[in-house]
Every structure is written in C-alpha cells, then in structure tokens.
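# A closer look at the structure
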Amino acid sequence: MSKSLDWDSLNYELLPWIKNAIEVMGYDQMTPVQASTIPMFVGNKDVVVDSVTGSGKTVAFVIPILEKIVKEATHLKKGHFHSLIISPTRELSRQIQTVINSFLQHYPDSETKPIKSQLLVGTDTKTIRDDVASFLEERPSILVGTPGRVLDFLQIASVKAQLCSMVVLDEADRLLDISFSKDIEKILSFLPKQRRTGLFSATITSAGSNIFKTGLRNPVKIKVNSKNNSPTSLSLNYCVVDTHDKLIHLLNLLNNYRFKKCIVYFPTCISVTFFYGFIQYLQKQNNSVLTIDESLQFYSLHGKLQTSSRIKTLEAFTEDLNNSVLFTTDVAARGIDIPDVDLVIQLDPPTDSDIFMHRCGRTGRANKIGKAITFINSGREEDFIPFMEVKNVTLEPMNEVLKEISEETSNNFYDLFKKWILQDRARFDLSIKSYVAFIRHYSNHTASSIFRLQNFSYTGLAKMYGLIRIPRMPEVTKYLQKSDVLEVYDDGWLVTPPIDLNKFSYADKKREQARLQELENLRKIQDKKKLKFDLKKKNMAWSNKVATKESKSIRREKMSLKRKLIEEELANQSSSDDDDNIVTQDWKEEIMQNKRKKKDTGIQGSFDDL
C-alpha cells in the first residue's frame, strides 16, 4: 500500500468518527483525487476537480462537508441550512444521500447535536410543500437534490439560504450546459457570495468558461490521471457490425459472455421499452433461431418512467444476486455506482462524445476489473475510433468474440421479430415510433461528419427494429440508398403482400374499440378537403413541425423589430416638428398606404376630377 495514499498520511487531521466510518465502509486507502481534494476543500479553498469516473469523487466532497459542519458548530436557525449538493439526476442525488447517511451512522452526537440531510428530487408522491414541511420540522444541515426541485425549494419564502457555507455541483459539466445552466445561475443567486464552491466531474473541461459563472473565488484546479481518460482497470473495446444484425450480436454476447451484472445503453427511452418487451417474449419462447439464457434477469430503466418505478428498478437490479441485465438510456450514465457491474454494452455511441466515458465508467470502478463494449455500424462510423483517440480514449477491436451470423439466421430472426409485432398493432406503432426517434437522435450527433444521415442504412435499421413498413420521413425519402430501394416494396412496405392496416387490430380491447370508432368517424366525414387537411397535418414529419415553429418565431421577431424601428422614427419626426397643429398619421395606416401605392395598376394620370 502506498504511504502517500494511506488515510493517516492525509495532510489534514480527520475527525475520529469519520476515520471510523472510513474503516467500516471498507475504504482501505485514499484514491488520488481524495488525497488531493479533501485538504483543499476543508481548508477554505474553492476546487475544480477533473478526475476519471469511478475515482471516488463523492467521498472527496462528502468528508469536507461533514468536517466543516462539525468544526464550525453553527447553530442553524429554523429555515436555514449549511451545505447544498446538486446533481443532474434523481438517481445520482439519491446515491449521494446514501453515502452521506452511511457516514452519519457513525456520528457520536446524533442525539444531542444531530446532523441530518434531506433529499430534494421530484417524485410522484411528494410535493414541494411536503419537502418544505419536512425541512422546517427536521432542520437538516445538508440538502441534496436536482436543479429544478432545488430551485423551486429555494423560492419558498420560509427557506433561508443566507447561512449556506458550502455548495457542490456534482457532474458540473452537465449542470452548466444549456439544459441546466439557467436554473443553476438562479440557485447560486440565492446563496451568499462568501461560500466554498466545489465543481466535480470526469469531463469538467467540456464546461469551458461556464465554470466562472459559479462564483468561484481563487479556485484550485485538481486534475487526476490526465494522460488517460479511463481507469486502468477498465478495458475499452469496440465491435464493427452490420446494422440489421446488431440485436442478434447483443443477445449472443449476453448468452455467451461471462458477467455478473451488465448495463446495456440504448439511444432513446422508447427503444428501451420496445426491445425490453421483445426480449421478454424471446426468453419465454423455445425457438430454434435464438434461445436466451433463462437464468438472466432483465430490467428496464429510462427517464420517462415515474420516479417510484425508477427507484424500484434500480434497487432491484442492484440487489439482484443472479446474473442480471439493465436496459437503460443516458439517465443512468453519470455517477451511478452499482456494485458488481463488470460489463457495459453500448448499442450505439452517444450523441455527445463526453457521455461515452461516463457510460463506460459504470464498470471498472474502484480498481475493479470491467469491460465496456461499443457496437459500431460498419462503414462511415468506423471513423469514431480515431476520433476518440484525439480525446485520449483508446478503443481496442474485439470482433473475435462475435459469432458469425449467416444470412439464413438473420432472415429467420427477422421473421420471428415480425411475427411478434403482427400479434398486436400496439407493437407495430411502437416499432415505428422507435425507428423515428432513433433517426431524430442520430441527426443530433455532435460528430456530424462521422454520423451522417446520408450514409445510413435505413432498411438495415428497419430490420433491426423489426419494421414491416418504413415510415414516410424526409430523411428516408432523401437519403435512401439505391441498394436499399431494392428491398422496399410500394408505399414503403418491407413485406409482400402489404398488411391491411384497417384490419390490423390492437390486443387491448378498449384501444381497438377506439380505433374502430375513429375509422367510422372518418367514413362519415363528407368534406373531402377537411379530411385531406387533417390527414396531412397528422402525418406531417416531426422535422417539418419543428421548422414551422422556428419560422413563425423568426417572423414574429422580425415584425417586432420592424414595429419598434417605425415607432422610434415617427417619435423623432414628431419631436422635431414645432407645429403642434400637424396631426401625425398613425404608423399602421402609413404602412397600409405604402402597400397600396406599391400595387401599381399600370394606369397613369389622375382621376380625382371625375
């Protein structure tokens, strides 16, 4: 054991009960980020910490907060708090709360001088009023929460922030990007300027100059393991695959690769729901095409689930003693620490390259061995490998672990997928929505020179999603490859003969009854033009809708600016005219007259005397 990383060698004397907690929790020695950060943060320094994922950043800011609370021994009046910790997701906030409570279990004065923490996250069972009532009754010293909930909380008149001494932004780069920055700025405006601020992230450099908006005062930057952006215990690999066989490769890996817990990242929330349902179907079926190990336990987690469902799923996956697989999105990409996760699979690279290492970092934590595998579509996407090398992330090829998939196996699997979809129209709808959502997701890649819509295999993706018909989309119409066109029948159908959609029913009786009623209403509509307009509006591509909204917004801004300029010009003319009897014509009327003048009829001369 390195003496420099021994807790006794820390350049700061920790409180005895914190030392005891460290020993009981099994932290045999400090990590480099803890050895560098704790003395600085406790010693009245603002810190900007840039350290690889899984390096112990949470403990690096929890210990200083607890030390300061005890050392300052500030008697908090009702409605006040000492420290605030903000994180981008509910799951991460809950995890930080768990770490704090693990330390507080060893606090000796819990009855006479209790230290409490409170979680502030949006839930479907607890309102902001409930949070405030608990805060005023329990008087916690530490608040942990997500930006939206924390901001709502601080705006309540009975909550006072004047005595807040420390604030921590965990995953600071995410909190300072465009989606959270306004909320963070408002939150910080409630807090006193004379406070200690800590910014922590594995990719803090991506925040750029935004870190200065947090009110840092003479900060110290702590960067650990700068030569390589991944932990040494984490193996980063990639596999080049054909788009239409990607799901088969995933299932083969889950069947044959030895792991304890595996996290599989999907691009969108709806794709998690869609593929999770299909995998459950496959596991129950005894088919000759692809059999899934019955001992595997599957879970699904994404941001559109209710908070209670997300918490239950995460707890069940964490506590499961069997081999288990979690299907999720980037909602579980940052900071989540789940023991025994030794395999991470990314079905597609994330749209933001900074998220890549956050995903991979769910395994290989605290010097444990872990493997992260990323699927890359053959072709243009292979340039993603040298692109990541520029960012000090080296990916090694791993195609030897993949089984070769014959054309017969691929076709049989697609037929099995279609059979499942044709059992219920709801699955057909879900497949279409998943396909459209993926293309929209794909178009948002920051590395747009690599992930290009014009080089994408649209029929390959359709087969991966089990589609029986390619939806009408501008992207598909514009970029559908010639080789793909040969596989597509009239009106986008991938099967022949095409399915009669009027007879394609829902398994849910209520939903089917509503569909039939809608068909009947359409038959009764006599106005053909109205029907055509309604259908055109209903089938309008999402990209057109976005463009329409944007163009309307631009027109409104231009008109507003034009009105302002005209009013200013008329006001100037009015002030320079000394004759009070001159009646200034209304500017709107002036515009209308100018328009009338522009409409030249081509007839010359005056007809006023006629």
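As annotated in an unreviewed UniProt entry, the protein chain is ATP-dependent RNA helicase from Kazachstania africana. The annotation that UniProt attaches to the protein chain under Function (unreviewed entry) is "RNA helicase." One UniProt comment on the protein chain, placed under Catalytic activity (unreviewed entry), says "ATP + H2O = ADP + phosphate + H(+)".

We now examine a positive patch on the surface. On the surface, a cluster of positive charge is made up of Lys537, Lys552, Arg555 and Arg556. Here Lys552 is to be found in helix α21 (residues 542-576). Owing to a relative accessible area of 41%, Lys552 belongs among the partly exposed residues under this scheme.

Moving on: the sheet that holds strand β1 (residues 47-50). Strand order in this open sheet of seven strands is β3-β4-β2-β5-β6-β1-β7, and the pairing throughout is parallel. Edge positions in the open sheet fall to β3 (117-120) and β7 (220-223), since each of these has one partner strand only. Looking at each pair of strands side by side, their axes are set apart by 15° on average, direction ignored.

Moving on to the UniProt feature "short sequence motif: Q motif" (unreviewed entry) in the protein chain. UniProt feature "short sequence motif: Q motif" (unreviewed entry): in the numbering of this structure it lies at residues 7-35. For residues 7-35, the end-to-end C-alpha separation is 8 Å, with 45% helix and 0% strand making up the annotated structure.

Now for the sheet that holds strand β14 (residues 396-397). Spatially, seven strands are ordered β10-β11-β9-β12-β13-β8-β14 in an open sheet, and the strand pairing comes out parallel. With one partner strand each, in any of the chains shown, β10 (297-301) and β14 form the two edges of the open sheet. Note: strand β9 (residues 261-265) against strand β11 (residues 324-328), five bridges, orientation parallel. Bridged to Ile263 within β11 is Leu326. The sheet contacts of helix α12 (residues 353-360) involve β8 (234-241), β9, β12 (341-346) and β13 (370-377), and relative to β12 the element is tilted by about 150°.

A few words on the confidence of the model for the protein chain. Per-chain confidence: the protein chain averages 85 in pLDDT, with 89% of residues scoring 70 or above. Per-element averaging of pLDDT across the protein chain places helix α18 (residues 482-485) at the bottom with 61 and strand β2 (residues 83-86) at the top with 97. Here residues 601-610 is a poorly scored stretch, pLDDT under 50, and it has zero contacts once near neighbours within four places are set aside; other chains count.

Summed over all chains, the structure comprises 32 aromatic pairs. With centroids separated by 4.6 Å and ring planes inclined at 55°, the aromatic side chains of Tyr442 and Phe456 adopt a geometry described as tilted. You can see Tyr442 sitting in helix α15 (residues 425-442) and its partner Phe456 sitting in the loop between α15 and α16 (458-464), a full 14 residues away along the chain. Taking the relative accessible area as the measure of exposure, Tyr442 reaches 4% and is therefore buried. Here Phe456 falls in the buried class, since its relative accessible area comes to 4%. Note that Lys261 overlies the ring of Phe317, its terminal NZ or CZ placed 5.1 Å from the centroid.

With that settled, consider helix α19 (residues 509-524). Compared with an ideal rise of 1.5 Å per residue, which puts 16 residues at 22 Å, α19 spans 23 Å between its outermost C-alpha atoms and is within 8% of the ideal. Contact partners of the buried residues in α19: α15. With a side-chain oxygen positioned 3.1 Å from the backbone nitrogen of Lys510, the residue opening α19 is Asp508.

Contact pair helix α3 (residues 57-72) / helix α4 (residues 90-104): the axes reach a minimum separation of 10 Å and the direction vectors enclose 50°. Here α3 is positioned oblique relative to α4, judged by the angle of their axes. Taken as a pair, α3 and α4 cross one another with a handedness that is right-handed. Across the interface between the two elements, Thr58, Val59, Phe61, Val62, Ile63 and Leu66 from α3 touch Ile96, Val99, Ile100, Phe103 and Leu104 from α4. Residue classes in the contact of α3 with α4 are distributed as 10 nonpolar, one polar and no charged.

The next subject is the pattern of salt bridges. Following the criterion strictly, the structure yields 20 salt bridges and no others. Residues Asp131 and Arg149 are paired through a salt bridge, measuring 2.8 Å at the closest nitrogen-oxygen approach. Placement of Asp131 in helix α5 (residues 128-138) and of Arg149 in helix α6 (residues 147-154) is noted, with a sequence separation of 18 residues between them. Since its relative accessible area comes to 1%, Asp131 is described here as buried. Overall, the relative accessible area of 13% leaves Arg149 in the buried class. Across the pair Arg515 and Glu512 runs a salt bridge whose closest N-O atoms are separated by 2.9 Å. Highlighted residues: Arg515 and Glu512, both in helix α19, separated by three residues, approximately one helical turn. Here the two residues Arg515 and Glu512 agree in accessibility, since each one is buried. The structure contains a network of salt bridges with shared partners spanning Lys126, Asp131 and Arg149.

Below, the discussion takes up the pairing of strand β4 (residues 142-145). Neither face of β4 is left uncovered, since the one carrying Ile142 and Val144 and the one carrying Leu143 and Gly145 both have all their residues buried. Looking at chain direction, β2 and β4 are connected through four bridges and run parallel. Considered in β4, the bridge of Ile85 is made with Val144. The handedness of the β3 to β4 crossover, carried by α5, is right-handed.

Rules used in this analysis
Residues numbered from 1 in each chain as written. Predicted model: local features only at pLDDT ≥ 70, side-chain atom pairs only at ≥ 80, totals over all residues. Heavy atoms only, no water. UniProt positions renumbered as here; feature names shortened; annotations may be inferred. Patch = residues over 30% accessible without salt bridge, like charges linked within 9 Å, V, L, I, M, F, W, Y side chains within 5 Å. Areas by Shrake-Rupley, 256 points an atom, 1.4 Å probe, with all protein chains shown as cover. Salt bridge = Lys/Arg side-chain N within 4 Å of Asp/Glu carboxyl O. Lys, Arg positive; Asp, Glu negative; His and termini not counted. Charge placed at Lys NZ, Arg CZ, Asp CG, Glu CD. Helix = DSSP H or I, 4+ residues; strand = E, 2+ residues; numbered from the N terminus. Buried < 20%, exposed > 50% of the residue type's maximum accessible area, 1.4 Å probe, protein only. Pairing = 2+ DSSP bridges. Axes fitted to C-alpha atoms, helices over the stretch in contact; angles between N-to-C directions. Contact = heavy atoms within 4.5 Å. pLDDT = per-residue confidence, 0-100. Phe/Tyr/Trp six-rings, centres within 6.5 Å; stacked < 30°, edge-to-face > 60°. Lys NZ or Arg CZ within 6 Å of the ring centre and 35° of its normal. Expected span 1.5 Å × (residues − 1). Polar contact = N/O pair within 3.5 Å; in protein donor to acceptor, adjacent residues only side chain to side chain. Parallel < 35°, antiparallel > 145°, perpendicular 65-115°, else oblique. Left-handed = near helix turned anticlockwise from the far one by under 90°. Nonpolar A, V, L, I, M, F, W, Y, C, P; charged D, E, K, R; others polar. Right-handed = clockwise from strand over helix to strand, strands pointing away.

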